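Given next are the chains, with one letter for each unit.
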Amino acid sequence: MDKLIHNKDIGSRIMELRKDKGYSREQLSEIAGISAKFLYDIEVKKVGFSADTLKGLSHGLEVSTDYILFGRSGFSYEAEIADTIGKFEPCTLKKVRELLQIAYEIAHNN
């Protein structure tokens, strides 16, 4: 029997990711192989879901399952980015943050 995943933050994270991608609930549910009603129930934290559903949502949202579950991607480059940022002098970190914000905005406007 599949163990169900249920957490109040997961539904909110899925909804935010879906909106960031510009998907309607119907579009994402079709990609993930679930019904729009089931996706709604997940997003508003009414139900848990199986590992198969998690895999479908991960694929549809183009994020890792770790990100959906825990809010972190688990990709190895995160540590590399953190190491690189750690090499900057404290006085330049404000500029680095501003550049990262610009990069984020460019990535989300395309």
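See the structure above.
What counts as what
Here the residue numbers are simple positions, counted from 1 along each chain's written sequence. Selection of residues for local features in this predicted model requires a pLDDT of at least 70, selection of side-chain atom pairs for listing and counting requires 80 or more, and totals for whole chains, interfaces and linings are taken over all residues. Calculation of side-chain values draws on the structure's entire complement of heavy atoms; hydrogens and water are dropped beforehand. Each helix corresponds to a stretch of at least 4 residues labelled H or I by DSSP, and each strand to a stretch of at least 2 residues labelled E; elements are numbered beginning at the N terminus. Classification of residues uses two cut-offs on accessible area relative to the type maximum, computed with a 1.4 Å probe and protein chains only: under 20% is buried, over 50% is exposed, and between them is partly exposed. What goes into a patch is any residue over 30% in relative accessible area without a salt bridge, connected to like charges within 9 Å or, for nonpolar side chains (Val, Leu, Ile, Met, Phe, Trp, Tyr), within 5 Å. Note that accessible areas follow from Shrake-Rupley with a 1.4 Å probe, and for residues the cover is restricted to the protein chains shown. Here a salt bridge means any side-chain nitrogen of Lys or Arg lying within 4 Å of a carboxyl oxygen belonging to Asp or Glu. The term nonpolar core refers to a set of buried residues drawn from Ala, Val, Leu, Ile, Met, Phe, Trp, Tyr and Cys, joined through side-chain atoms within 4.5 Å. Throughout, a contact is declared for two residues whenever any of their heavy atoms are within 4.5 Å.

Caption draft 1: Geometry of the overall build of the chain. The secondary structure content of the chain amounts to 7 helices and 0 strands. In the chain, the succession of helices and strands from N to C terminus is α-α-α-α-α-α-α. Each of the 110 residues in the chain was classed as buried or not, and the buried ones make up 27%.

Caption draft 2: The arrangement of helix α3 (residues 36-43) in detail. Listed in full, the buried residues belonging to α3 are L39, D41, I42 and E43. Within two residues after α3, K45 carries a phi angle of roughly 65°, on the positive side.

Caption draft 3: Spotlight on unusual backbone geometry. Non-glycine residue K45 carries a positive phi angle of around 65°. For K45, a relative accessible area of 34% translates into the label partly exposed. Even without being a glycine, E62 presents a positive backbone phi close to 55°. Here E62 is to be found in the loop between α4 (51-61) and α5 (65-70).

Caption draft 4: Up close: a nonpolar patch on the surface. Among the surface-exposed residues, L99, I102 and I106 lie close enough to one another that they form a single nonpolar patch of about 310 Å² accessible area. With respect to the helices and strands, I106 occurs in helix α7 (residues 93-108).

Caption draft 5: Local environment of the pattern of salt bridges. If you walk through the whole model with that rule in mind, you get 4 salt bridges. A salt bridge links E62 to K21, with the nearest nitrogen and oxygen atoms 2.3 Å apart. Remark: K21 occurs in helix α1 (residues 8-21) and E62 occurs in the loop between α4 and α5; sequence separation between them is 41 residues. Overall, K21 belongs to the partly exposed group, its relative accessible area being 34%. Of the charged contacts in the structure, one is a salt bridge between R25 and E43, with a shortest N-O distance of 2.7 Å. Separated by 18 residues along the polypeptide, R25 in helix α2 (residues 25-32) and E43 in helix α3 bring together distant segments of the chain. Through salt bridges with shared partners, a single network forms among R18, R25 and E43.

Caption draft 6: Representation of the nonpolar core. Counting residues in hydrophobic clusters, the biggest one holds 15 residues, and the most contacted among them are I14, L57, L61 and I68. Counting only elements with at least two residues in this core, the list comes to α1, α2, α3, α4 and α5. With near-sequence residues (within four places) excluded, I68 lies in contact with I10, R13, I14, L17, L54, L57, S58, L61 and V63.

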